[in-house]
Amino acid sequence: MLSEKKSVWVTVVNVLIALVSAFTLVYTYIWNTNVALRLFVAVFFIIGLTGMAWRKYGRTTASAPEAKKEAAITKLALLGDDGERIKEWYIHGETSLLIGRSSSDLEVQIDLSGTEYAALVSKQHAVLNYASGNWYIEDLDSSNGVGIKKRGESSKRLLNGDEPEQVHSGDTIYIANTRLLVK
């Protein structure tokens, strides 16, 4: 509702600007005989139209890097030893996901209790948080750590204890020896 009201006001202001501009042009070039005023109004309108065109069409080159933005992360895939996807979790629209092993007293969003390396996964192993348009993985002082292998890299590395690590589509998260592909 608020955006509709804003849209109406923008339209009203644009119409008023067009009317004032039309009146100025009629007055300057039909009723007025002062050459200096005609020249001033012509320069003013050229600068104004150039500014409006730059504002509208000049942004396409400025926003070109945004077009290269990577696809949004929508899911995590549990990978088997051979690299095939065993299970997937859709995470689009979520803000925080606890990764670990569910039990009678604790339920996690990414439950790895049925995986091959479940014995190495802590109950509250890691958390995946969405903030400022990015996903971050953080180790929750787990026994066997959290690793990450960035897309295109050949080796994984362990996360620092307290520092969240940004993840991107194509990265692999290691929860102990369990692999989660970020897609």
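Rules and cut-offs
Residues numbered from 1 in each chain as written. Predicted model: local features only at pLDDT ≥ 70, side-chain atom pairs only at ≥ 80, totals over all residues. Heavy atoms only, no water. Helix = DSSP H or I, 4+ residues; strand = E, 2+ residues; numbered from the N terminus. Buried < 20%, exposed > 50% of the residue type's maximum accessible area, 1.4 Å probe, protein only. Contact = heavy atoms within 4.5 Å. Areas by Shrake-Rupley, 256 points an atom, 1.4 Å probe, with all protein chains shown as cover. Pairing = 2+ DSSP bridges. Polar contact = N/O pair within 3.5 Å; in protein donor to acceptor, adjacent residues only side chain to side chain. UniProt positions renumbered as here; feature names shortened; annotations may be inferred. Core = buried A, V, L, I, M, F, W, Y, C linked by side-chain atoms within 4.5 Å.

Peer 1: Which residues make up the overall build of the protein chain, and what values do they have?
Peer 2: Broken down by element type, the protein chain carries four helices and 11 strands. A burial count over the protein chain gives 28% of its 183 residues as buried. Of the contacts made within the protein chain by residues no fewer than 6 positions apart, 41% connect residues no fewer than 24 positions apart. Put simply, the protein chain shows about 12500 Å² of open surface, and 58% of that area lies on carbon and sulfur atoms.

Peer 1: Please give an account of the sheet that holds strand S3 (residues 96-100) that cites residues and values.
Peer 2: Sheet architecture is open: five strands sit in the order S4-S3-S5-S6-S9, paired in mixed fashion. The two strands at the open ends of the sheet, each matched to only one other strand, are strand S4 (110-111) and strand S9 (165-167). Relative to S9, strand S6 (residues 134-139) runs antiparallel, the two being bridged by three bridges. For Ile137, the partnering residue across the bridge sits in S9 and is Glu165.

Peer 1: Explain the side chain of Ser142 to me, and be specific about the residues and the numbers.
Peer 2: Its location among the elements puts Ser142 in the loop between S6 and strand S7 (146-149). Accessibility expressed as a relative area gives 13% for Ser142, which makes it buried. There is a polar contact of 2.8 Å between the side chain of Ser142 and the side chain of Asp139. Polar side-chain contacts of Ser142 include one of 3.0 Å to the backbone nitrogen of Gly145. For Ser142, the contacting residues outside a window of four places in its chain are Ser122 and His125.

Peer 1: Tell me what's going on with the UniProt feature "transmembrane region" (unreviewed entry) in the protein chain, and back it up with residues and numbers.
Peer 2: Here, the residues flagged by UniProt with the feature "transmembrane region" (unreviewed entry) are residues 7-30 and 36-54. Across residues 7-30 one finds 100% helix and 0% strand; the C-alpha atoms that close the span lie 34 Å apart. Between the end C-alpha atoms of residues 36-54 the distance is 27 Å, and the span holds 100% helix and 0% strand.

Peer 1: Provide a residue-level description of the environment of Thr28, including the pertinent values.
Peer 2: For Thr28, the position within the fold is in helix H1 (residues 2-31). Separated by 12 residues in sequence, Thr28 and Phe40 have C-alpha atoms that sit 9.8 Å apart. Beyond its immediate chain neighbours, meaning those up to four positions away, Thr28 contacts Leu37, Arg38 and Val41. Looking at Thr28, its side chain comes within polar contact range of the main-chain oxygen of Thr24, at 2.7 Å.

Peer 1: Tell me about the nonpolar core, residues and numbers included.
Peer 2: Leu128 and Leu180 are the most contacted members of the largest nonpolar core, which has 22 residues in total. Of all the secondary structure elements, the ones that give two or more residues to this core are strand S1 (75-79), S3, strand S5 (124-131), S6, S7, strand S10 (172-175) and strand S11 (178-182). Residue contacts for Leu128: discarding those within four places in its chain leaves Leu76, Ile91, Thr95, Ser96, Leu97, Ile99, Trp135, Tyr136, Ile137, Val167 and Ile173.

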